[in-house]
Amino acid sequence: MSTSQQDYLYRVFFKLKLHESSGDGFQALFSRLMAYAKPGFQAVSPWGNWGDGGNDGWVESELHYYQVFGPKPNSNIKEFEVVRKAVEDFDKLIEKWGSVQKYSFVMNDRFQGIPAPVGAALLKLKQDKSLLHSAAMGGDELMRLFMGLVDDQRQDIVGYIPPEAPDFIDSRAVGELLSFLAEKSVSNLDFLNEDAPDFDVKIDFNGLSKRVGVRLESNSYQVFLIDDFLESIGEDYKQSISKEVRDIYEESKLVIPDSIESFSDMRYFWMVDSLIPPEVKSHPQQMSGFRMAAEIVLAKYFETCDAYENPDNVIAS
């Protein structure tokens, strides 16, 4: 099994671990992960009436304290109560442990994102208490730590990884990216804060129609979702995705030669369908979401010139 296939399975099994974990189980999972990922990390167990003093784990040399919150799946999380817990537990820290320089509120958000009021409260806490660091850790950051471990450590956390990828898995690195995007709400209005890249020269140079150019530009507003995903994976995996998109583009030039009318536009739609995992194509109800995700991927890799030609390279040569 290739490295990208192994990494894919590790990510799947770690996601399952997080989805299944809550309460003490989530705290135990976090402590095992941190014991490998963060030198000097010590887990803390409650002791008699003293409790844990609002400290579920710490790195003494940095005076960095961690509070862990693992709500049950599908529980109705009330943002106000989460914020109150984050702030009240910090006050316990000062009372029981003394000096604090860094504070992390670890929440099992199951990759749905940390509630905005929590981030704002922790930022205010940083300012009010003159801390070096005060922030929340969610599933994406825990995944980054997990994927930074060596294989033996990963298997100690998620168990044995089968030597062969199951038949139902899309073994391509880009397949996982597509699944990630398809699960996200692409109507997220965060795009209003993003700037679209200037595609005009590339669109003209590659002979794309205005209609396809508009699609590329509008989808570029969602590229921040891909950047979030790429932040959570290793450099090798990023390169695998770039290479797979580049290979699909090179194949499109063989399937749709320049002699065909509107060849550049046709390659665009051929690549959209080529990016979609084969197993999804037999489920029409999922195709719409994956097609939207595939067009965001093309906008991202059109910008980096892994798909289509870079006019600068021709000018330079």
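Everything here concerns the structure above.
Being a predicted model, the structure only gives us computed values, none of them experimental.

Asker: How should I be thinking about unusual backbone geometry in this particular structure?
Answerer: Note: most peptide bonds trans; most residues except glycine with negative phi. Even without glycine at this site, Leu 63 takes up a positive phi of about 50°. Inspection of the secondary structure puts Leu 63 in the loop between strand S2 (57-59) and strand S3 (64-69).

Asker: Sorry, what's going on with the packing of helix H2 (residues 23-37) against helix H5 (residues 139-147) here?
Answerer: Helix packing geometry: the angle between the two helix axes and the distance between the axes. It is the contact of H2 with H5, at a shortest axis distance of 9 Å, that shows an interaxial angle of 45°. Overall, the two elements H2 and H5 adopt an arrangement that is oblique. The element H2 and its partner H5 pack so that their crossing is left-handed. Between H2, through Phe 26, Phe 30, Leu 33, Met 34 and Ala 37, and H5, the contact on the second element is made entirely by Leu 142, Leu 145 and Phe 146. Here the residues of the contact of H2 with H5 sort into 8 nonpolar, no polar and no charged.

Asker: Please clarify how the pairing of strand S4 (residues 102-107) should be interpreted in this entry.
Answerer: Regular strands place their side chains on alternate faces of the sheet. In terms of burial, S4 is largely enclosed, as 5 of its 6 residues are buried. Relative to S4, S3 runs parallel, the two sharing 6 bridges. Looking at S4, one finds that Gln 67 is bridged to Phe 105. The sheet contact formed by S4 and strand S5 (residues 133-137) spans 5 bridges and is parallel. Within S5, the residue paired with Ser 104 across the bridge is Ala 135. On the question of chirality, the crossover connecting S4 to the parallel S5 by way of helix H4 (residues 116-128) is right-handed.

Basis of the calculations
- Residues numbered from 1 in each chain as written.
- Predicted model: local features only at pLDDT ≥ 70, side-chain atom pairs only at ≥ 80, totals over all residues.
- Heavy atoms only, no water.
- Helix = DSSP H or I, 4+ residues; strand = E, 2+ residues; numbered from the N terminus.
- Axes fitted to C-alpha atoms, helices over the stretch in contact; angles between N-to-C directions.
- Parallel < 35°, antiparallel > 145°, perpendicular 65-115°, else oblique.
- Left-handed = near helix turned anticlockwise from the far one by under 90°.
- Contact = heavy atoms within 4.5 Å.
- Nonpolar A, V, L, I, M, F, W, Y, C, P; charged D, E, K, R; others polar.
- Buried < 20%, exposed > 50% of the residue type's maximum accessible area, 1.4 Å probe, protein only.
- Pairing = 2+ DSSP bridges.
- Right-handed = clockwise from strand over helix to strand, strands pointing away.

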